[in-house]
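# Per-entry structural report
Here is how the chains run, residue by residue.
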Amino acid sequence: MGADAFRFDGKRALVVGGASGMGAATARLVQELGAEVVVMDFAEVTLPGLRAISLDLRDRSSIEAAVDACGGPIDALFSCAGAADGTPGIEKINFIGHRHLIDCALDGGLLPRGSAIGMISSAAGLGWEPHLELLEEYLATPDFDGAVAWIAAHPDKATYMWSKQAMCAYVARSSVSMMKRGIRINAILPGPTDTPLAQANADLWLGFGADFRAETGLEPSTSEEQAHALAFLCSPAASYVNGITLVTDGGYYGAGLSGAFPAATPVVRYLLGR
Ligand SMILES: NC(=O)c1ccc[n+]([C@@H]2O[C@H](COP(=O)([O-])OP(=O)(O)OC[C@H]3O[C@@H](n4cnc5c(N)ncnc54)[C@H](O)[C@@H]3O)[C@@H](O)[C@H]2O)c1
């Protein structure tokens, strides 16, 4: 296939949360790479040349109706929508709704062999491994309502960090069941990325790692930089990449983990729960 392995010619892509930020950049990119693109979002979709379907990830019936309206095949499913702490229903927007949408697509036979799922978690989801036991209990909830009930019983877990850790654990754990169906699943874990969501939480989100960026000459990531990594993961070029949570943070995590940038080390240790 050569360089064509990075393309999406003849494929149909669904971008959940494609109205804005990284989702919109992903929709534009895979369209340019040859895909027919469907975008689902709560917000109005203004990108030209694609089909838009209204979706509220907080509402189970909205998800089911959107998947019905989308139909198949879905060769690449990008789970991009997300919200910040303080948003009511964050656990549904950031994880439960995405999982239900994927389950509906699987049940409907919409994800053919050879398809791929690419999710946007976050550097905030990095430290999922030490919490695996409790995450497994959460992930064992069979459906949307079960997961909502679990969060109701664990209200301290209705957070951005938990939702992103859950997504990382879900990706890693789903790699077997998905691969048996010929489907790959991966996620990116972006660091600070200049999007409307990050601008709305600028002190916390764009302030994170500012010392590292000053040291290395980096700016916050662009949405396009994250879209490149996400599109790669769902392209045939990544055909042997599965169950991976790819840290796309400009090197902050590795620098903190290894001590190459000592100021990041306590932050990384905190994220890892050490
Ligand atoms: N920007 C960052 O610094 C950063 C860093 C790490 C991870 N992330 C993650 O990246 C993803 C994309 O975020 P972004 O920064 O591009 O923000 P964004 O606000 O530009 O995009 C998020 C999209 O999600 C949609 N959305 C929100 N609530 C929804 C709902 N209930 N139903 C359907 N769609 C809904 C929004 O309408 C929007 O189009 C999110 O999952 C976010 O958590 C962002």
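For the structure itself, look to the data block above.
Since the structure is predicted, the reported quantities are computational estimates derived from the model, not experimental observations. Residue numbers restart at each chain and count upward from 1, following the sequence in its written direction. Confidence filtering applies because this is a predicted model: local features only for residues at pLDDT of at least 70, side-chain atom pairs given and counted only at 80 or more, and all residues used for totals across whole chains, interfaces and linings. Hydrogens are left out, water is left out, and the side-chain values use all remaining heavy atoms of the structure.

### Observations concerning the overall build of the chain
So the rule is basically this: Helix and strand definitions follow DSSP, with helices as H or I runs of at least four residues and strands as E runs of at least two, each counted in order from the N terminus. Radius of gyration here is computed from C-alpha atoms only, and the compact-globule reference equals 2.2 Å multiplied by the residue count raised to the power 0.38. We call a residue buried when its accessible area falls under 20% of the maximum for its residue type, exposed when it is over 50%, and partly exposed in between, using a 1.4 Å probe and counting protein chains only. Here, residues are in contact when the closest pair of their heavy atoms is within 4.5 Å.
A count of helical and extended segments in the chain gives twelve helices and seven strands. Since a compact globule built from 274 residues should have a radius of gyration of about 19 Å, the 18 Å found for the chain is in line with a globular shape. The C-alpha extent of the chain, read off along each of the three principal axes, is 50 × 45 × 35 Å. Across the 274 residues of the chain, 54% fall into the buried class. Within the chain, residue pairs in contact and separated by at least 24 positions form 72% of the contacts whose partners lie at least 6 positions apart.

### Some thoughts on the environment of Leu197
Turning to its location among the elements, Leu197 is positioned in helix α7 (residues 196–200). Counting along the chain gives 115 residues from Leu197 to Gly82, while the straight-line C-alpha distance between them is 8.6 Å. Ignoring sequence-local partners within four residues, the contact set of Leu197 consists of Gly82, Ala83, Ala84 and Trp205.

### Looking at the site of the ligand
The condition is simple: We call a residue near a molecule or strand when any one of its heavy atoms sits within 4 Å of it. Polar contacts here mean pairs of N or O atoms no more than 3.5 Å apart (in protein, one a potential hydrogen donor and the other a potential acceptor; neighbouring residues in sequence count only if both atoms are side-chain atoms). Each accessible area is a Shrake-Rupley result for a 1.4 Å probe, and residues are judged covered by the shown protein chains and nothing else.
Around the ligand there are 30 residues in total, and Ser20, Met22, Asp41, Tyr160 and Thr195 lie nearest to it. Here an oxygen atom of the ligand and a side-chain polar atom of Asp41 are 2.6 Å apart. One of the backbone N or O atoms of Leu55 is found 3.4 Å from a nitrogen atom in the ligand. Calculation on the ligand without its partners gives an accessible area of 830 Å², and the protein chains cover 93% of this total.

### Here's the deal with the nonpolar core
The condition that has to hold: Working definition of a nonpolar core: buried Ala, Val, Leu, Ile, Met, Phe, Trp, Tyr and Cys residues. They are joined through side-chain atoms within 4.5 Å.
Residues Leu14, Leu77, Leu101, Ile117, Met119 and Tyr138 are the most contacted members of the largest nonpolar core, which totals 58 residues. Setting aside anything within four residues of it in sequence, one finds Leu101 in contact with Leu14, Val16, Met40, Leu55, Leu57, Ile63, Val67 and Leu77. In this structure, Phe8, Met22, Val39 and Leu233 belong to the second largest nonpolar core, which totals 29 residues.

### So, the packing of helix α4 (residues 132–139) against helix α5 (residues 144–153)
Using the following cut-off: Axis lines are fitted through C-alpha atoms, for helices just across the contact stretch, and the angle between N-to-C directions can take any value from 0 to 180 degrees. Here is the rule for angles: anything less than 35 degrees is roughly parallel, anything more than 145 is roughly antiparallel, 65 through 115 is roughly perpendicular, and the remaining ranges are oblique. Any residue that is not Ala, Val, Leu, Ile, Met, Phe, Trp, Tyr, Cys, Pro, Asp, Glu, Lys or Arg is counted as polar, Gly included; the first ten are nonpolar and the last four charged.
Interaxial distance between α4 and α5 falls to 9 Å at its minimum, and their mutual angle equals 135°. Considered as vectors, α4 and α5 are oriented oblique to each other. Between α4 and α5, the residues in contact are Leu134, Glu137 and Tyr138 and Ala147, Trp150 and Ile151, respectively. Split by residue class, the contact of α4 with α5 holds five nonpolar, no polar and one charged.

### Structural notes on the pairing of strand β4 (residues 76–79)
Rule in force here: One requirement defines pairing of two strands: DSSP has to find at least two bridges between them. Whether a crossover is right-handed comes down to one check: with the strands pointing away from the viewer, does the path from the first strand over the helix to the second run clockwise; if it does, it is right-handed.
Along β4, one buried face is formed by Ala76 and Phe78 and the opposite face, lined by Leu77 and Ser79, is buried too. Sheet analysis places strand β1 (residues 12–16) next to β4, joined by four bridges and oriented parallel. Paired with Leu14 across the strands is Leu77, a residue of β4. Here β4 pairs with strand β5 (residues 116–120) via four bridges, running parallel. When the sheet's bridge partners are listed, Leu77 is paired in β5 with Ile117. Taking the sense of rotation as the criterion, the β-α-β connection linking β4, helix α3 (residues 90–107) and β5 turns out right-handed.

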